[in-house]
Amino acid sequence: MTYPSTAIDKVSVELHGLAKNYAEKAAALASDPYFKEAVMKASVSGFVWALYHAFKDDFARSALNRELKVQSAAVDRAVGGNDKATH
């Protein structure tokens with residue numbers, strides 16, 4: 001059996017590649033430290049809204065919402081955003 005073997009695996013690999021390419025383009029645009037945070041926020045927001053609009057039903061959007069919360073918390077921990085006063 002070769003990877004990816006299921007339709008979900010294939011979509012996961014494709015989305016990962018798209019997100020990586022998207023992030024690389026955003027990082028290239030954000031070469032100026034003054035604009036970096038704004039470019040990153042706009043890029044992430046654009047990608048998330050594209051996913052939101054791809055799923056029309058409430059169940060899928062709810063699942064996306066839950067996953068975004070989990071992933072956002074993980075990113076926050078990874079970059080040291082543990083200061084509760086800033087949240």
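Structure: above.
Conventions used here
Residues numbered from 1 in each chain as written. Predicted model: local features only at pLDDT ≥ 70, side-chain atom pairs only at ≥ 80, totals over all residues. Heavy atoms only, no water. Helix = DSSP H or I, 4+ residues; strand = E, 2+ residues; numbered from the N terminus. Buried < 20%, exposed > 50% of the residue type's maximum accessible area, 1.4 Å probe, protein only. Areas by Shrake-Rupley, 256 points an atom, 1.4 Å probe, with all protein chains shown as cover. Axes fitted to C-alpha atoms, helices over the stretch in contact; angles between N-to-C directions. Parallel < 35°, antiparallel > 145°, perpendicular 65-115°, else oblique. Left-handed = near helix turned anticlockwise from the far one by under 90°. Contact = heavy atoms within 4.5 Å. Nonpolar A, V, L, I, M, F, W, Y, C, P; charged D, E, K, R; others polar. Salt bridge = Lys/Arg side-chain N within 4 Å of Asp/Glu carboxyl O. Expected span 1.5 Å × (residues − 1). Polar contact = N/O pair within 3.5 Å; in protein donor to acceptor, adjacent residues only side chain to side chain.

1. Regarding the overall build of the chain
Along its length, the chain carries three helices and zero strands. The order of helices and strands in the chain, counted from the N terminus, is α-α-α. Expressed as a percentage of its 87 residues, the buried residues of the chain come to 9%. Summed over its atoms, the accessible surface of the chain is roughly 7200 Å², and 64% of this surface lies on carbon and sulfur atoms.

2. A few points about the packing of helix α1 (residues 7-29) against helix α2 (residues 33-54)
Viewed as axis vectors pointing N to C, α1 and α2 meet at an angle of 155°, and their least axial separation amounts to 9 Å. Here α1 lies roughly antiparallel to α2, going by the angle between them. Considering only the axes of α1 and α2, their crossing is right-handed. Contacts from Leu-15, Ala-19, Tyr-22, Ala-26, Ala-27 and Leu-29 in α1 reach Val-39, Met-40, Ser-43, Gly-46, Phe-47 and Leu-51 in α2. Split into classes, the residues belonging to the contact of α1 with α2 amount to 10 nonpolar, two polar and no charged.

3. Some words on the pattern of salt bridges
Tallied over the full model, the rule gives one salt bridge. Across the pair Lys-41 and Glu-37 runs a salt bridge whose closest N-O atoms are separated by 3.1 Å. Of this pair, Lys-41 and Glu-37 both sit in helix α2, separated by four residues, roughly a single helical turn. Relative accessible area serves as the criterion here: at 54%, Lys-41 is assigned to the exposed category.

4. A look at helix α3 (residues 58-78)
Its 21 residues place the ends of α3 30 Å apart at the C-alpha level, agreeing with the 30 Å of an ideal helix rising 1.5 Å per residue. Residues of α3 that are buried sit in contact with α2. Two or three places before Phe-59, at the opening of α3, Asp-57 has a side-chain oxygen 3.3 Å from that residue's backbone nitrogen.

Note that all results are geometric; they support no functional claim without further evidence.
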